[in-house]
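Chain and residue survey
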Amino acid sequence: MRSLCLRCLRPQSTCYCARVPQVDSRTRLVFLQHPRERRVAIGTARMAHLSLPNSELYVGVDFTGHRRLAELAARPERVAVLFPGEEAVPLEEAKQNPPETLIVVDGTWPLARKLVKTNPLLAGLPRIGFVPRRPSNYRIRAEPAEHCVSTIEAVVEVLGALEGEQERFDTMLRAFEYMVDTQLDCQEKRTEPPRRRIYKSAWQPPLELRSIAESFEHLVLLYAEANAHPAERNLPSELVHLVAMRPATGERFEAILAPRQPMARSTPLHVELSEEVLLAGESLEAGLARFQAFLRPGDKLAVWTTFALDLLRRDGFPVPEALNVRLACARALKSKPGGVEQGAEQLGARLPEQWAGGRAGRRIVALEAVVRALDERGRATQPPPRERMAS
């Protein structure tokens, strides 16, 4: 019998406790977990609870007479339920008057809906809904739709939006990513038959690859560089080089933006553009106006990391829906790809000719090569051939 960690309830060989950070939050989190979900070894509500000292976890279906839930329901102006629906308030609106306590319902979508329906007290509380910044990384469990994410991913997203400092809450995902990678690694190495009979539907490419193929006509690839100072200077990073291209048509965009604050010594070195070129750049307002004109209704941005999106949001740019190409590449390779150039190399993708200057110019063509390779895989009708082991 396998030895279990009594804290995370995972086998000792896959315990993630060493990777669980302690993240303080102003918002009190109250997890209501369906009993069936408690028995799921790869569930994430407990992981989120362990990361947040200001949280509580209760297991059950019918919470009638539950003293703590009754206390919360008596203060609807200070409490909200994280659950989608037509009456759910979007995150942008919730930020104007953030709740003191957030109730998070944990379970598969059918179980979570049953839990909400069984407890009328929850119906009297305001709800919060949101659209995630990126597709779920929950590659070891099927989600009913692309916009669905795991409990811990949802909590990280919402707390980051309500309280700011998204990067601080993103640290909670380290244990989650470790659990996912470990589980996939165990599945790859498994030689004995599964303990349960598995009923498989017709093969189709992974969701992340299908998303790229289905969105290809509306994709705009994006890469950005920043004037970034050392942390001790306490100066925020600012956008100085923005490149984008539309792979369906070959249209391209480039903007070199003059720094608005003193230039960091390392910026020309990292960006691979001279100080003279950067200082002679156009204004932020002009560059963003041109980029806004480059975009079309229905476009989706495709990025390797969220860094470019964060820089645009910091300058008040209305960022459209985005796809995480790095996540899709990892899904295709079944391993971490590293940087975008390494990802292109591992996929065996041919790089187009560089058309923009600096490091951004190299990386936007690498991103294009990766997206074209993933698009091809996302349209496949047969699974790729298995690699033969060397004899």
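Remember, it's a predicted structure, so these values are computed and weren't measured experimentally.

**As for the sheet that holds strand 10 (residues 300-303)**
In space, the five strands of this open sheet follow the order 9-8-7-10-11, with mixed pairing throughout. Either end of the sheet is taken by a strand with one partner, and the two such strands are strand 9 (251-256) and strand 11 (322-324). Each strand axis lies, on average, 25° off the axis of its neighbour in the sheet, ignoring direction. Sheet analysis places strand 7 (residues 219-227) next to strand 10, joined by three bridges and oriented parallel. Each bridged residue has a counterpart across the sheet, and for valine 220 the counterpart in strand 10 is leucine 301. The sheet contacts of helix 10 (residues 207-215) involve strand 7, strand 10 and strand 11, and relative to strand 11 the element is tilted by about 140°. The sheet strands contacting helix 14 (residues 307-314) are strand 7, strand 8 (238-246), strand 10 and strand 11, and the helix crosses strand 7 at an angle near 75°.

**A short note on the pattern of salt bridges**
Summed over all chains, the structure comprises 23 salt bridges. Among the salt bridges present, the one from glutamate 71 reaches arginine 68, with a minimum N-O distance of 3.4 Å. You can see glutamate 71 and its partner arginine 68 sitting in helix 3 (residues 67-73), three residues apart, about one turn around the helix. Through salt bridges that share partners, Arg28, Glu56, Arg67, Arg68 and Glu71 make up one connected network.

**Concerning unusual backbone geometry**
Non-glycine residue leucine 9 carries a positive phi angle of around 65°. A relative accessible area of 38% means that leucine 9 is categorised as partly exposed. One non-glycine residue with positive phi stands out, namely glutamate 165, at about 55°. Structurally, glutamate 165 is set in the loop between helix 7 (151-163) and helix 8 (166-170).

**A few points about the nonpolar core**
If you look at the biggest cluster of nonpolar residues, it comprises 38 residues, and the most contacted ones within it are Tyr16, Leu29, Phe31, Leu102, Ile152, Val155 and Met172. Mapped onto this core, the elements with two or more residues apiece are strand 1 (28-33), helix 2 (45-51), strand 3 (79-82), helix 4 (91-94), strand 5 (101-106), helix 7 and helix 9 (173-189). Looking at this core, the element that brings in the most residues is helix 7, giving seven residues. Residues within four places of leucine 29 in sequence aside, it is in contact with Leu52, Asn54, Ser55, Glu56, Leu102, Val104, Val155 and Leu159. By size, the runner-up hydrophobic cluster in this structure holds 32 residues, among which are Met245, Ile364, Val371 and Ala373.

**Side note on the side chain of threonine 182**
Mapped onto the elements of the fold, threonine 182 is located in helix 9. Of the residues examined, threonine 182 reaches a relative accessible area of 15% and is grouped as buried. Among the polar contacts listed, one links the side chain of threonine 182 to the backbone oxygen of tyrosine 178, at a separation of 2.7 Å.

**Considering helix 16 (residues 340-347)**
Since the α-helix turns once every 3.6 residues, residues separated by three or four places project in the same direction. Those residues of helix 16 not exposed but buried are Val340, Gly343, Ala344 and Leu347. When helix 16 is viewed along its axis, its buried side chains cluster within an angular range of 100° and face the same direction. Contacts made by the buried residues of helix 16 are with helix 15 (325-333) and helix 17 (358-378). Positioned one or two residues after helix 16, glycine 348 has a phi angle of 70°, which is positive.

**Quick look at the sheet that holds strand 5**
Backbone-to-backbone hydrogen bonds join strands into a sheet, with any given pair of strands oriented parallel or antiparallel. In space, the six strands of this open sheet follow the order 2-1-5-3-6-4, with parallel pairing throughout. A strand with exactly one partner marks an edge of an open sheet, and here the two such strands are strand 2 (55-59) and strand 4 (89-90). Strand direction decides the pairing type here: strand 3 and strand 6 (residues 127-129), joined by two bridges, are parallel. Note on strand 6: the bridge partner recorded for valine 81 is arginine 127. Contacts from helix 5 (residues 109-118) reach strand 1, strand 5 and strand 6, with the element oriented near 125° to strand 5.

What counts, and where the lines are drawn
Residue positions are given per chain, counted from 1 along the sequence in the order it is written. Confidence filtering applies because this is a predicted model: local features only for residues at pLDDT of at least 70, side-chain atom pairs given and counted only at 80 or more, and all residues used for totals across whole chains, interfaces and linings. The basis for every side-chain value is the complete set of heavy atoms in the structure, and neither hydrogens nor water enter the calculation. Here a strand pair is declared whenever DSSP counts at least two bridges between the two strands. Here a strand is any run of E in DSSP of at least two residues, a helix any run of H or I of at least four, and the numbering for each starts at the N terminus. Lines are fitted to the C-alpha atoms to define the axes, a helix being fitted only along its stretch in contact, and any angle between axes, read from their N-to-C directions, falls within 0 to 180 degrees. Any two residues whose heavy atoms approach within 4.5 Å are treated as being in contact. For this analysis, a salt bridge means a side-chain nitrogen from Lys or Arg found within 4 Å of a carboxyl oxygen belonging to Asp or Glu. Only protein chains enter the accessibility calculation, which uses a 1.4 Å probe. A residue is then buried if its area is under 20% of the maximum for its type, exposed if over 50%, and partly exposed in between. Among buried residues, the Ala, Val, Leu, Ile, Met, Phe, Trp, Tyr and Cys ones that are joined through side-chain atoms within 4.5 Å form a nonpolar core. We call two N or O atoms a polar contact when they sit within 3.5 Å, provided that within protein one can donate a hydrogen and the other can accept it, with sequence-adjacent residues counted only if both atoms are side-chain atoms. To be clear, the arc concerns the directions from the helix axis to the C-beta atoms.

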